[in-house]
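The chain contents come next:
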Amino acid sequence: CTCAMCFTLICAGEENWVDSRTVYIGHKEPPPGAEAYIPQRFPDNRIVSSKYTFWNFVPKNLFEQFRRIANFYFLIIFLVQLIIDTPTSPITSGLPLFFVITVTAIKQGYEDWLRHKADNSINQCPVHIIQHGKVVRKQSRKLRVGDVVRVKEDETFPCDLILLSSSRDDGTCFVTTASLDGESSHKTYYAVQDTKAFNTEEEVDTLHATIECEQPQPDLYKFVGRINIYLDRDEPIARPLGSENLLLRGATLKNTECIYAVAIYTGMETKMALNYQSKSQKRSAVEKSMNAYLIVYLCILISKALINTVLKYVWQADPNRDEPWYNEKTETERQRHILIRAFTDFLAFMVLFNYIIPVSMYVTVEMQKFLGSYFITWDDEMFDEELGEGALVNTSDLNEELGQVEYVFTDKTGTLTENNMEFIECCVDGHVYVPHAICNGQIMPGAASMDMIDSSPGPGGREHEELFFRALCLCHTVQVKEEETVDGIKRGIHQGKATSVYISSSPDEVALVEGMKRLGFTYLRLKDSHMEIQNRDDEIERFELLEVLNFDSVRRRMSVIVKSSTGEYYLFCKGADSAVFPRVISGKVEQVRARVEHNAVEGLRTLCVAYKKLSPAEYEEVCHQLSSAKLALQDREKKLAEAYDSIERDFILLGATAVEDRLQDKAADTIESLHKAGMKVWVLTGDKMETAAATCYASKLFRRNTQILELTTKRTEEQNLHDVLFDLSRTVLRQHGSMTRETLSGLSNEYHDYGLIIDGATLSAVLKPSQEGSGGNYKEIFLEICRNCSAVLCCRMAPLQKAQIVKLIKASKEHPITLAIGDGANDVSMILEAHVGIGIMGKEGRQAARNSDYAIPKFKHLKKMLLVHGHYYYIRISELVQYFFYKNVCFIFPQFLYQFFCGFSQQPLYDTAYLTLYNISFTSLPILLYSLMEQHINMDILKRDPSLYRDIAKNSLLRWPIFIYWTFLGVFDAVVFFFGAFFLFDNTTFTSNGQMFGNWTFGTLVFTVLVFTVTLKLALDTHYWTWINHFVIWGSLLFYIIFSLLWGGIIWPFLNYQRMYYVFMQMLSSGPAWLSIILLVVVSLLPDVVKKVLCRALWPTTTERIQVSPPWPLPQAFSWLARVPQPTQPLPAGRLDGGVGGSTPTGCGSIGHHCFSVLHSIMAFFPLNFMMWPLMRLLVRMKHGKASPGCCPDC
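Residues numbered from 1 in each chain as written. Predicted model: local features only at pLDDT ≥ 70, side-chain atom pairs only at ≥ 80, totals over all residues. Heavy atoms only, no water.

S.K.: Just checking my understanding: could you explain the pattern of salt bridges for this structure?
M.R.: One pass over the structure, following the stated rule, counts 42 salt bridges. A salt bridge links Lys574 to Glu509; its shortest N-O distance comes to 3.3 Å. You can see Lys574 sitting in strand β31 (residues 569-575) and its partner Glu509 sitting in helix α14 (residues 507-518), a full 65 residues away along the chain. Judged by its relative accessible area of 8%, Lys574 falls in the buried class. Overall, Glu509 belongs to the buried group, its relative accessible area being 7%. Here Glu672 makes a salt bridge to Lys700, at a shortest N to O gap of 3.6 Å. Residue Glu672 is found in helix α19 (residues 667-676), and its partner Lys700 is found in the loop between α20 (689-698) and β36 (706-711); the two are separated by 28 residues along the sequence. Overall, Lys700 belongs to the partly exposed group, its relative accessible area being 35%. Connected through salt bridges with shared partners, the residues Asp379, Glu381, Lys864 and Lys943 form a single ionic network. (Salt bridge = Lys/Arg side-chain N within 4 Å of Asp/Glu carboxyl O. Helix = DSSP H or I, 4+ residues; strand = E, 2+ residues; numbered from the N terminus. Buried < 20%, exposed > 50% of the residue type's maximum accessible area, 1.4 Å probe, protein only.)

S.K.: Would you take a moment to explain empty space enclosed by the protein for this structure?
M.R.: Leftover empty space is mapped by rolling, across the atoms, a probe with the size of a water molecule. All chains considered together, the criterion is met by 4 cavities of 30 Å³ or more. The computed volume of the largest cavity comes to approximately 60 Å³. What lines the largest cavity is Phe74, Thr92, Pro96, Tyr355, Ile357, Pro358, Val359, Asn888, Leu915, Thr916 and Asn919. Of all the secondary-structure elements, those providing two or more residues to the lining of the largest cavity are α4 (91-123) and α29 (912-922). For the lining of the largest cavity, the element with the most residues is α29, which contributes 3 residues. In the lining of the largest cavity, the residues fall into 7 nonpolar, 4 polar and no charged. (1 Å grid on protein atoms, 1.4 Å probe; cavity = no way out; pocket = protein on both sides within 12 Å on 5 of 7 lines; lining within 4 Å. Points joined across faces, edges and corners; volume = space filled by probe spheres on them. Nonpolar A, V, L, I, M, F, W, Y, C, P; charged D, E, K, R; others polar.)

S.K.: Can you walk me through the pairing of strand β27 (residues 522-527) in this structure?
M.R.: The side chains of a regular strand alternate, first on one face of the sheet and then on the other. Sheet topology note: the β27/strand β28 (residues 530-534) ladder contains 5 bridges and is antiparallel. Across the sheet, residue Lys527 finds its bridge partner in β28, namely His530. Remark: 2 residues form the turn of the hairpin made by β27 and β28, two consecutive strands paired antiparallel; Asp528 in that turn has positive phi of roughly 50 degrees. (Pairing = 2+ DSSP bridges.)

S.K.: Before we go on, may I ask you to explain the sheet that holds strand β3 (residues 134-139) in this structure?
M.R.: Where strands meet in a sheet, backbone hydrogen bonds hold them as pairs that are either parallel or antiparallel. Strand order in this open sheet of 6 strands is β3-β2-β4-β13-β5-β11, and the pairing throughout is antiparallel. Two strands close off the open sheet at either side, each with one partner strand: β3 and β11 (246-247). Alignment of strand β2 (residues 126-131) against β3, held across 6 bridges, turns out to be antiparallel. Residue pairing for β3: His128 is matched across the bridge by Arg137.

S.K.: What exactly am I supposed to notice about the sheet that holds strand β14 (residues 392-393) here?
M.R.: If you trace the 9 strands from one edge of the open sheet to the other, you get β14-β41-β40-β39-β15-β35-β38-β37-β36, paired in mixed fashion. Either end of the sheet is taken by a strand with one partner, and the two such strands are β14 and β36. As paired elements, strand β40 (residues 836-840) and strand β41 (residues 854-856) share 3 bridges and run parallel to each other. Residue Ile838 lies in a different strand from β41, and its bridge partner there is Tyr854. Against the sheet, helix α23 (residues 760-767) engages β36, β37 (753-759) and β38 (791-795), with an angle of about 90 degrees to β37. (Contact = heavy atoms within 4.5 Å. Axes fitted to C-alpha atoms, helices over the stretch in contact; angles between N-to-C directions.)

S.K.: Would you mind showing me how to read the nonpolar core here?
M.R.: Where a protein is soluble and globular, its nonpolar side chains tend to be buried together. Residues Met361, Val881, Phe891, Tyr910, Phe1007 and Leu1010 are the most contacted members of the largest nonpolar core, which totals 95 residues. Per-element accounting of this core gives the leading share, 17 residues, to helix α28 (residues 861-899). Residue contacts for Met361: discarding those within four places in its chain leaves Met290, Leu880, Val881, Phe884 and Phe885. Counting 38 residues, the second-largest nonpolar core is a separate cluster that includes Leu398, Ala677, Met865 and Tyr949. (Core = buried A, V, L, I, M, F, W, Y, C linked by side-chain atoms within 4.5 Å.)

S.K.: For this particular structure, what's the right way to read the packing of helix α33 (residues 999-1021) against helix α34 (residues 1027-1049)?
M.R.: The relative placement of two packed helices comes down to the angle between their axes together with the axis-to-axis distance. Closest axis-to-axis distance for the α33/α34 pair is 10 Å, and the angle between their directions is 170 degrees. With respect to each other, α33 and α34 are oriented roughly antiparallel. When α33 is examined against α34, the residues Thr1004, Phe1007, Thr1008, Val1011, Phe1012, Thr1015, Leu1016 and Ala1019 are found in contact with a partner set consisting of Ile1033, Trp1034, Leu1037, Tyr1040 and Ile1041. The residue inventory of the contact of α33 with α34, partitioned by class, reads 10 nonpolar, 3 polar and no charged. (Parallel < 35°, antiparallel > 145°, perpendicular 65-115°, else oblique.)

S.K.: Help me understand the packing of aromatic side chains in this model?
M.R.: How two aromatic rings sit relative to each other is set out by the distance from centre to centre and by the angle between their planes. This structure, assessed with the given rule, holds 59 aromatic pairs. For the pair Phe901 and Phe979, a centre-to-centre distance of 6.2 Å together with 70 degrees between the ring planes defines the contact as edge-to-face. With Phe901 in the loop between α28 and α29 and Phe979 in helix α32 (residues 960-985), this residue pair connects regions lying 78 residues apart in the sequence. A relative accessible area of 42% means that Phe901 is categorised as partly exposed. (Phe/Tyr/Trp six-rings, centres within 6.5 Å; stacked < 30°, edge-to-face > 60°.)

S.K.: Is there a simple way to think about the side chain of Thr712 in this case?
M.R.: Take Thr712: it is sitting in the loop between β36 and α21 (713-718). In contact with Thr712, other than residues within four places in its own chain, are Met689, Ile757, Asp759 and Thr762.

S.K.: What am I meant to see in the environment of Tyr190 here?
M.R.: Structurally, Tyr190 can be placed in strand β7 (residues 183-190). On a C-alpha basis, the gap between Tyr190 and Leu241 in space is 9.8 Å, while along the polypeptide they are 51 residues apart. With residues up to four places along the chain from it excluded, the contact list for Tyr190 reads Leu163, Gly171, Thr172, Glu244 and Asn245.

Right, here's the structure in full:
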């Protein structure tokens, strides 16, 4: 086709590049004979972030909910109850399932309605389009690809646009991309040179042009295209289009009156919409434990049903023991094949016991996570006054994971440091210049003069010095704002006068330009492609800006080509020392290198500055290289990189700069606390090794006695990588082994703390797949070294390498929980890769905060988020999960035992109402409130003593031994309920008229003991009592009693039969029933109380040591507990006892306090008090064996 021919003509060698689109500006056909007009279909400008529509909400939501195993399981049980004759009503399974599905659907529907609302507000925004030389107003959703749009100052771009012209003479416009990447700094975008003169609606309407560009892709910073402009029907003029011409949807026009631009990507094809794609689903360790426990209980359920089915047919093998008459089986049913009958019975038993699987646990967990996440957003201590923002929760699914973190991966710049650059000094040919503090464009108080250190340069040095200052005034992308206000905020006012304010996307550049201003060279403006600077003699110098070789993270440098007023061509370059020194052929390299290394050790950010003069012929060659690379549609970035590489060579070194990025407030304290909590902290940064290492020392990641191990390119050049790794491995493993032995014998005085430094190049070599068999795979050796280092610094890291490091640790054999924290777009990859991603609302943008699971204003807030919120979340949800399984075992195991006494007839023990409401009403609210409000330790203690975090590490509260303990406790309690009631009632009449209790009365008694026991068990575990706890716990018990009285005390017209009529009242009218309830509840709770007292007295955890301090003064009757002598013994490092470090009471008083901490919970309710006091007395006597002198009189 003609279009393909045109591609070949304009860009030879790119005929294979077909992944493109052609946009006709203003929907105008190209001139006849130019190229074929092939209209293409593109989506409209409608944005859709919602998940459902009105029509598909019900089926789609149900499909998604029933993909969850527990919901699908209960649906199957419900269908079985409908299809076959089962012992319980379908309502008992259907109602809880309906409740769970409905609550979840309402929550998801509400969230989607909010998304619809947000979409509509965006899609109905007015936009102004140029049609037939006039401005037409339309809704944003009606915008089409090819429309020419007019955008005014402070308006947001409605779609992705190519800038055609601007109200500014030079065809530039200023844009903020805060809503895209959070960067509030102004960025400069450029109109095409041949279209910037079209400044009115009529002129724009006369433009004949087409744009050929790549198909939409999500990279915000990449765009490749070409515009063909038809003038007087000659051959079209082709001009390259890049990211500097592309205005992204969501960005805002600033400091420019208006622009004209053409739409090239609309709706869901805009780069912003393509970045909406959902992140991979992260699952917490608690959720994985829940699923594992669910499978165990499913196996228990199947086993129960199988055992009962087999025993039923064993029982009925005796002809005298046929099925009971009350099962009402028809003759047809009796004549069925035995396998069909057995399978039907198996399903019936599955239905009978299915309540052991807690379906309501999932909705309770979801509510707990959703509601609990508000405690982070409401935390005033995590609110930053400067930003005016607090912490944000982007996903509540990982709350408890905050309490399980083992590895913390943090960025340096803007995360550990403030990203608030302060110009410190510059070095020119070995001469050092130090102006007073200049911070991000704001001259600090007292900066009225400048200091110069070292001897003044000679005549030749003077020329180099001025050339250095000019280089820094010209080699940047800084914009100048001369008004007093920037975005409505007054800035740049110095000594009562309005001065120019520098604006840039890089704080480093602003600091450097301001530094030059203090040293006598002031950058004034960029006007008509000419940069103006004012020298020391107050003369204005003009340089024509010819080319900008933009900075990128691979080259780590930027360059400009300028033409002076005398006609000389200069190429100025600034960049990292590693990117500039290899390209220098002359200059005082050693003196500058020494100063750079000195500043790097001090923790300063350094840049080197170099230049070279170009002859007119060389400049023409450079122009040819750049233009051919820029016009390329295929592999443009690669060709540009090759062009830059050939141009940026043979420099003359001028000097270097040093800028300081101060450490954030309390960053060192936070890292120290994380170390004490047992977490390993890794710093992943793109900075040079010396700068990053200095920051690590300042932030206490490395201590002065830390032995630094280097795994860097410099070392691997001197020694083979294989040898370096094995040397390091031998060093840390030998020390680790000796440390372990000496620590055990108490002789270790010289324990070495190791810190590892690795750079990006060496990491690539370590992670490279093996080429030499098993011997070439270094990952395991590297991981072994890292495991034995207290801290690791990874410098010169690319964003992808940060994610690779996180992935490597995640996949290691221990499978630790990882957390990544950063503030810039370059940290997004590691934030998405880690188990928990935290973004900092920093100066490098909000992209990290938007892509994270949680966002915090400052690094210091991480301490409270992990040590307090994470600790509480994990404690609460682990109790919630274990308690749910426990109370369902207590609920269903008596039903299992009952089958042995009813001929395995599938007779239910409990009434249908009790079966249905047990998990929904009677026992759900207390555990939900506990999981929201429990504070087993005061939050101030958690912050003061980070070692408490170790007590919950590695999912310690959801390990299999604890799960088995809770399960056996549930089985024990169920046996007590059932057999206690059975033996107490055996062959006995209880009512005054001689009536015996029936099976429903027996079941109600068991159920009453059950409800009271599981509720009081939770009360025993509660440490933090408020009026809400009291209201919910005692209110739940009261609700059960009132419901039972009403359910059995009224004849309900909608029931066909009412087997519970008067049963509850009859049971309560019996004195022995009251005694049985009290006695069985006490006996059920006793083992757990004894276990708590013994464990706290003999094997206390750090947490339990803290809890021994009585929350209120001892009563007079217990005062002897506090008078007992307290011998001491040494405590392991990091173990505190109620705020007293270094020792722990081990005498009678210690036992008393351990007992008292349990007694504190028990004192919340009366029935168990009478059994605790003798138990504590007995423990005290057992501990001492005989009375101690000066001990309590009772001894």
